[in-house]
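Single-letter residue listing:
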Amino acid sequence: MSWKDDYKSKLRTAEEAVKYIKSGDRVVLGHAVGEPVYLVGKMVENYKDYKDVEICNMVAMGASGFAKPEMKGHFRPNSLFLGGGTRDCIGSGQGDFTPSFFYQVPELFRTTLPVDVVLINVSTPDENGYCSFGVSCDYTKPCSEAAKLVIAQVNSSMPRTLGDSFIHVSDIDIIVEQDTPITELGLPKIGETEKAIGENCAKLINDGDTLQLGIGAIPDAVLLFLKDKRDLGIHSEMISDGVVELVEAGVVTCKNKNFNKGKMVIGFLMGTKRLYDFANNNSMISMNPIDYVNDPRIIGQNDNLVSINSALQVDFMGQVCSESVGLKQFSGIGGQVDFIRGASFSKGGKSILAFPSTAKGGTISKIVPLLTEGSAVTTSRTDVDYIVTEYGIAKLKGNTLRERAKQLINIAHPNFREELEKERKIRFKEV
Ligand code: COA
């Protein structure tokens, strides 16, 4: 059978497609803005047919109707990273959180968490019958290879991204044609604090370095201060709009990369239509599964790899919590530790955790003597390298606990320094 005939034989309406999901199934959703929101919406509408369907995902960018209180008993979210749509549900006990390094998520879906159904959102097929995973290759592609049943929304709005980012029509079980725009993420607000943090991070970045940029305003602020650099490379779990500007300005060329030269190696895209249009058929972008992009052993093959991520709290020893406020799970591990460890394998590599010195309108210091009880240690004190706030740079790796505390207090908000210094003196028996 030609792939075109195969394609036609697999066409269903969305209402028909979601009936293939059965009670008790584990269903994985395509990641972040790659979530097939149309199919997920139809699945939620069909909730009365399901009992105890487990929904696994990470960054949830859709409406997450399956996580609403009235869905209890029908759907049971099991997220590996929380977002706005799933946080309350999991906090209330209606769902669960499974901690994992991002690069190990595909292996979990191949072994411990076998996948019954995956719902994906892909481009229209090319002349050879290959659909692109578009904005989300990360766990979405490996999970599609592991799932018993692959239901795909074929979406003409999905960019055709290149790299190891394709699925052939013969590997899809059910096809739903539906054009829905790819969810856009508003540009982060960059104020004076973010700018100062960006400026400090930029001091640690040299011409020719290869960058990983995490999620949010801080990495975008860093990009603002890189306009005078030359020949930067990208090897990053994700990118957003800021990188497009640097490519267009000739700053990001990837020419200096010793590994995957000339290519930006990426797991997923999250930004505005400008980013998605830029990525379409762009040979400079190589989208890849996350067990490649985020594997610390792969990351470490890039010389001068600089990773930039954010955090919620750091204690005097350099233990970093980036995912919970006390016992309340806020997000997840994502690729933070993958890149911190990858940067430590990289010749000339550095890892930066950058965040504003305070939270809650300046009332809370993010630099604290002890982490809040119940907080998860995302990055251990042994892995941590640089911490950056709007007040400066602390180099923790290789320094004593006493020196770490001193450096961290130097970059804490001035309103909290005296109190922190008092605690430090008690801790290190200096009184
Ligand atoms: N104590 C109490 N609350 C705190 C706090 C602290 N020390 N620090 C932050 N908060 C609160 C904020 O006030 C905010 O609350 P709100 O939602 O009610 O306004 C919330 O926690 C989020 O803080 P914010 O600083 O706005 O987070 P962010 O959107 O910049 O994201 C991380 C920062 C750390 C949560 C995010 O980068 C993350 O999840 N990292 C882990 C994964 C990762 O690094 N992946 C790598 C690349 S994608």
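## What to know about the overall build of the chain
Along its length, the chain carries 15 helices and 24 strands. For the chain, whose C-alpha radius of gyration is 22 Å, the value lies close to the compact-globule estimate of 22 Å for 431 residues. With the C-alpha coordinates aligned to their principal axes, the bounding extent of the chain is approximately 80 × 50 × 35 Å. When each of the 431 residues of the chain is scored for burial, the buried share is 60%.

## Looking at the sheet that holds strand β24 (residues 392-395)
With mixed pairing, 8 strands are arranged side by side in an open sheet as β13-β12-β11-β10-β14-β19-β23-β24. In this open sheet, the two strands that pair with only one neighbour each are β13 (285-287) and β24. Strand-to-strand twist across the sheet, computed as the mean angle between neighbouring axes with direction ignored, equals 25°. Bridging between strand β19 (residues 350-354) and strand β23 (residues 386-389) involves 3 bridges; their strand directions are parallel.

## Looking at the domain arrangement of the chain
Domain annotation for the chain reports domain 1 (3-177) and domain 2 (192-427). Between domain 1 and domain 2, the residue contacts involve 31 residues of the former and 34 residues of the latter. Both sides together, the interface formed by domain 1 and domain 2 hides about 2600 Å², and carbon and sulfur atoms give 66% of it. The three residues of domain 1 that bury the most area against domain 2 are Phe102, Tyr103 and Leu162, which together make up 24% of that side's buried surface. Between domain 1 and domain 2 we count 1 salt bridge in total. Counting every contact that joins domain 1 to domain 2 gives 14 residue pairs in polar contact (both at pLDDT 80 or more). Secondary structure elements with two or more residues in the side of domain 1 that touches domain 2: α5 (105-110) and α6 (140-146). When the residues that make up the side of domain 1 that touches domain 2 are grouped by side-chain class, the tally is 18 nonpolar, 7 polar and 6 charged.

## Section: the packing of helix α7 (residues 192-202) against helix α8 (residues 217-224)
Closest axis-to-axis distance for the α7/α8 pair is 7 Å, and the angle between their directions is 60°. By the angle between their directions, the pair α7 and α8 is classed as oblique. Here the hand of the crossing between α7 and α8 comes out right-handed. Of the residues in α8, those in contact with Glu194, Ile197, Gly198 and Cys201 of α7 are Ala217, Ile218, Ala221 and Val222. Looking at the contact of α7 with α8, its residues break down into 6 nonpolar, 1 polar and 1 charged.

## A look at the environment of Gly93
Structurally, the position occupied by Gly93 is in the loop between α4 (87-91) and β4 (96-97). We classify Gly93 as exposed; its relative accessible area is 58%. Once the C-alpha coordinates of Gly93 and Arg76 are considered, the two residues, 17 residues apart in sequence, prove to be 9.9 Å apart.

## Details of unusual backbone geometry
A positive phi is found at Asn260, a non-glycine position, where the angle reads about 55°. Positionally, Asn260 belongs in the loop between α9 (241-248) and β12 (264-269). One non-glycine residue with positive phi stands out, namely Asn304, at about 50°. Position of Asn304 among the secondary structure elements: in the loop between α12 (296-299) and β14 (305-309). Look at Asn304 and you get partly exposed, because its relative accessible area is 29%.

## A closer look at the site of the ligand
Close to the ligand lie 20 residues; Glu237, Asn309, Leu312, Ser331 and Gln336 are nearest. Separating an oxygen atom of the ligand from a side-chain N or O atom of Gln336 is a distance of 2.9 Å. Protein contacts shield 73% of the accessible area of the ligand, which totals 980 Å² for the unbound molecule.

## Section: the state of the cysteines
Under the counting rule described, the total for this entry stands at 0 disulfides. Free of any disulfide, Cys89 has its nearest cysteine sulfur in Cys56, 12 Å distant. A relative accessible area of 4% places Cys89 in the buried class. There is no disulfide at Cys321, and the cysteine sulfur nearest it, in Cys201, is 19 Å away.

## A look at empty space enclosed by the protein
Think of a ball as big as a water molecule: rolled over the atoms, this probe shows where empty space is left. Per the stated rule, a full pass over the model turns up 1 cavity of 30 Å³ or more. As a volume, the largest cavity reaches approximately 40 Å³. Around the largest cavity sit Leu213, Gly214, Pro219, Asp220, Leu223, Met238, Ile239, Ser240 and Val243, which together line it. Every element with two or more residues in the lining of the largest cavity is listed here: α8 and β11 (233-239). With 3 residues, α8 is the largest single contributor of residues to the lining of the largest cavity.

## A short note on the nonpolar core
In terms of nonpolar packing, the biggest core is built from 82 residues, with Phe109, Leu226, Ile234, Val252, Met264, Leu269 and Ile352 touching the most fellow members. In terms of residue count, β12 provides more of this core than any other element does, 5 residues in total. When residues of this core are sorted by domain, at least three fall in each of domain 1 (3-177) and domain 2 (192-427). Setting aside anything within four residues of it in sequence, one finds Leu269 in contact with Val33, Val135, Thr161, Ile239, Leu275, Tyr276, Ala279 and Met287. Ile21, Tyr50, Met71 and Cys89 belong to the second largest nonpolar core, which has 24 residues in total.

## A short note on the layout of surface pockets
What the largest pocket holds in volume is close to 990 Å³. Surrounding the largest pocket, 44 residues form its lining, Phe81, Ile215, Gly216, Ser310 and Phe330 being those nearest its centre. Elements with a minimum of two residues in the lining of the largest pocket: α8 and β11. When grouped by side-chain class, the residues that make up the lining of the largest pocket number 21 nonpolar, 17 polar and 6 charged. Of the volumes computed, that of the second largest pocket is approximately 340 Å³. Leu312, Val325, Ala359, Lys360 and Ile364 are, among the 15 residues lining the second largest pocket, the residues nearest its centre. Listing elements by their share of the lining of the second largest pocket, those giving two or more residues are β17 (324-325), β20 (358-359) and β21 (364-365).

What counts and how
- Residues numbered from 1 in each chain as written.
- Predicted model: local features only at pLDDT ≥ 70, side-chain atom pairs only at ≥ 80, totals over all residues.
- Heavy atoms only, no water.
- Helix = DSSP H or I, 4+ residues; strand = E, 2+ residues; numbered from the N terminus.
- Rg over C-alpha atoms; globule rule 2.2 N^0.38 Å.
- Buried < 20%, exposed > 50% of the residue type's maximum accessible area, 1.4 Å probe, protein only.
- Pairing = 2+ DSSP bridges.
- Axes fitted to C-alpha atoms, helices over the stretch in contact; angles between N-to-C directions.
- Domains from an automatic or database assignment.
- Contact = heavy atoms within 4.5 Å.
- Buried area = accessible area lost by both parts, 1.4 Å probe.
- Salt bridge = Lys/Arg side-chain N within 4 Å of Asp/Glu carboxyl O.
- Polar contact = N/O pair within 3.5 Å; in protein donor to acceptor, adjacent residues only side chain to side chain.
- Nonpolar A, V, L, I, M, F, W, Y, C, P; charged D, E, K, R; others polar.
- Parallel < 35°, antiparallel > 145°, perpendicular 65-115°, else oblique.
- Left-handed = near helix turned anticlockwise from the far one by under 90°.
- Near = heavy atom within 4 Å.
- Areas by Shrake-Rupley, 256 points an atom, 1.4 Å probe, with all protein chains shown as cover.
- Disulfide = S-S within 2.5 Å.
- 1 Å grid on protein atoms, 1.4 Å probe; cavity = no way out; pocket = protein on both sides within 12 Å on 5 of 7 lines; lining within 4 Å.
- Points joined across faces, edges and corners; volume = space filled by probe spheres on them.
- Core = buried A, V, L, I, M, F, W, Y, C linked by side-chain atoms within 4.5 Å.

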